[in-house]
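Examination of the molecular architecture
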Amino acid sequence: MEVIILPSPEEASKVAARLVARVVRDKPTAVLGLATGSTPLRLYRELIALHQADQLDFSKTSTFNLDEYVGLATDRPQSYAHFMQENLFNHVNIPPDQTHIPDGMAANVPGHCAEYERAIQKAGGIDLQVLGIGSDGHIGFNEPVSSLSSRTRIKTLTRRTRADNAPYFGSEDAVPHHVITMGIGTIMESRGILLMAFGEKKADAIAKTVEGPLTALVPGSALQMHVNAKVIIDEAAASKLTRTDYYKWVYDNKPDWQKF
Ligand code: GLP
């Protein structure tokens with residue numbers, strides 16, 4: 001894993017946006033894996049700014065989102081489909097038929113999940129998967145003890161994740177119990193990973209993901225097995241890591257050709 005610690009979420013998001021932009025410029029037909037939640041919001045704002053000011057072109061790009069709540073129609077403000085429209089898709093030139101989000105209203109959930117996996121394969125696989133992380137170390141909605149080889153499927157949220165997401169729904173009771181999420185095995189097949197985390201609340205999950213033992217109890221720790229995973233975090237999210245001096249040393253001494 002490459003751990004990049006930057007002073008603020010703003011600076012971290014700028015670096016993350018440069019990385020995503022490089023993937024899209026190098027390969028205009030790139031397939032991006034996208035995440036929701038508060039963490040990638042600044043990244044999406046940066047990408048919109050790059051699209052508007054620097055002609056970053058998404059016309060040939062495809063996207064696959066990680067997850068969606070079961071039972072929420074796409075017009076519900078809490079749905080991840082709505083989130084993506086509001087925060088990215090309405091502001092860049094990705095053709096709508098090139099964007100994919102699991103359908104929380106699917107009548108046949110297992111069939112839909114298998115079809116989602118096939119669509120990722122048909123698109124050529126994901127070039128870069130953007131990830132946030134839950135306070136319990138979940139990625140996508142793969143809660144602790146998810147199989148490290150899991151594929152897209154239905155999952156039941158933990159009490160903690162429902163409590164974390166309650167502010168978006170007004171109350172904990174209103175948070176759906178079930179979600180559809182790409183599996184950890186699905187995420188691990190993407191050719192690049194960009195995990196972002198900001199704030200003290202994520203410090204424990206980041207320490208366990210980066211330096212802890214590889215365990216299904218901390219789904220993010222599976223990324224230790226990925227050949228190309230970058231973890232971009234602010235100082236607060238880095239505060240429980242033990243090797244911060246080394247991570248900063250590596251970043252500050254990158255050869256020019258590796259900089260972004
Ligand atoms: C939800 C999403 C995850 C996200 C996590 C953290 O569980 N399914 O993809 O990483 O929330 O959200 P936030 O970035 O708002 O802290």
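Read on for a plain summary of the structure. (Residues numbered from 1 in each chain as written. Predicted model: local features only at pLDDT ≥ 70, side-chain atom pairs only at ≥ 80, totals over all residues. Heavy atoms only, no water.)

Topic: the sheet that holds strand E7 (residues 153–156)
Applicable threshold: When DSSP finds at least two bridges between two strands, those strands are taken to pair. Strands are runs of DSSP state E lasting at least two residues, helices are runs of H or I lasting at least four, and both sets are numbered from the N terminus onward. Angles shown run from 0 to 180 degrees and are taken between the N-to-C directions of axes, each axis being a line fitted to C-alpha atoms and, for helices, limited to the stretch in contact.
One open sheet holds the three strands; their spatial order is E4-E8-E7, and the pairing between them is antiparallel. Looking along the sheet, the strands with just one partner apiece sit at the ends: strand E4 (67–69) and E7. Within this sheet the neighbouring strands show an average axis-to-axis angle of 30 degrees, counted without direction. Pairing analysis gives three bridges linking E4 to strand E8 (residues 178–181), with the strands arranged antiparallel. Paired with Asp 67 across the strands is Thr 181, a residue of E8.

Things to note about helix H1 (residues 9–26)
So the rule is basically this: Helix span, as expected, comes to 1.5 Å for every residue beyond the first. Residue burial is assigned from relative accessible area. The probe radius is 1.4 Å, only protein chains are included, and a residue is buried under 20% of its type maximum, exposed over 50%, and partly exposed in between.
Helix length check: H1, at 18 residues, gives a terminal C-alpha distance of 25 Å against a target of 26 Å (1.5 Å per residue), a fit within 8%. Among all positions of H1, only Pro 9, Ala 12, Ser 13, Val 15, Ala 16, Ala 17, Leu 19, Val 20, Ala 21 and Val 24 are buried.

Things to note about the layout of surface pockets
Let me state the cut-off plainly: Method remark: on a 1 Å grid restricted to protein atoms, a set of points is classed as a cavity if a 1.4 Å probe fits but cannot get out and as a pocket if it is open with protein on both sides within 12 Å along at least five of seven lines; lining residues have an atom within 4 Å of a point. Grid points are joined across faces, edges and corners, and a volume is the space filled by probe spheres set on the points. Each residue gets one label: Ala, Val, Leu, Ile, Met, Phe, Trp, Tyr, Cys and Pro are nonpolar, Asp, Glu, Lys and Arg are charged, and the others, such as Gly, are polar.
Looking at the largest pocket, its volume works out to about 690 Å³. Lining of the largest pocket is provided by 31 residues; of these, Thr 36, Gly 37, Ser 38, Asn 165 and Tyr 168 occupy positions nearest its centre. Those elements giving two or more residues to the lining of the largest pocket turn out to be helix H2 (41–54), E4, helix H3 (80–87) and helix H5 (159–169). In terms of residue count, H5 provides more of the lining of the largest pocket than any other element does, six residues in total. Split into classes, the residues belonging to the lining of the largest pocket amount to 13 nonpolar, 13 polar and five charged. Within this model, the second largest pocket holds a volume of roughly 280 Å³. Surrounding the second largest pocket, 14 residues form its lining, Leu 19, Val 23, Leu 128, Asn 228 and Lys 230 being those nearest its centre. When residues of the lining of the second largest pocket are traced back to their parent elements, those giving at least two are H1 and strand E9 (193–197).

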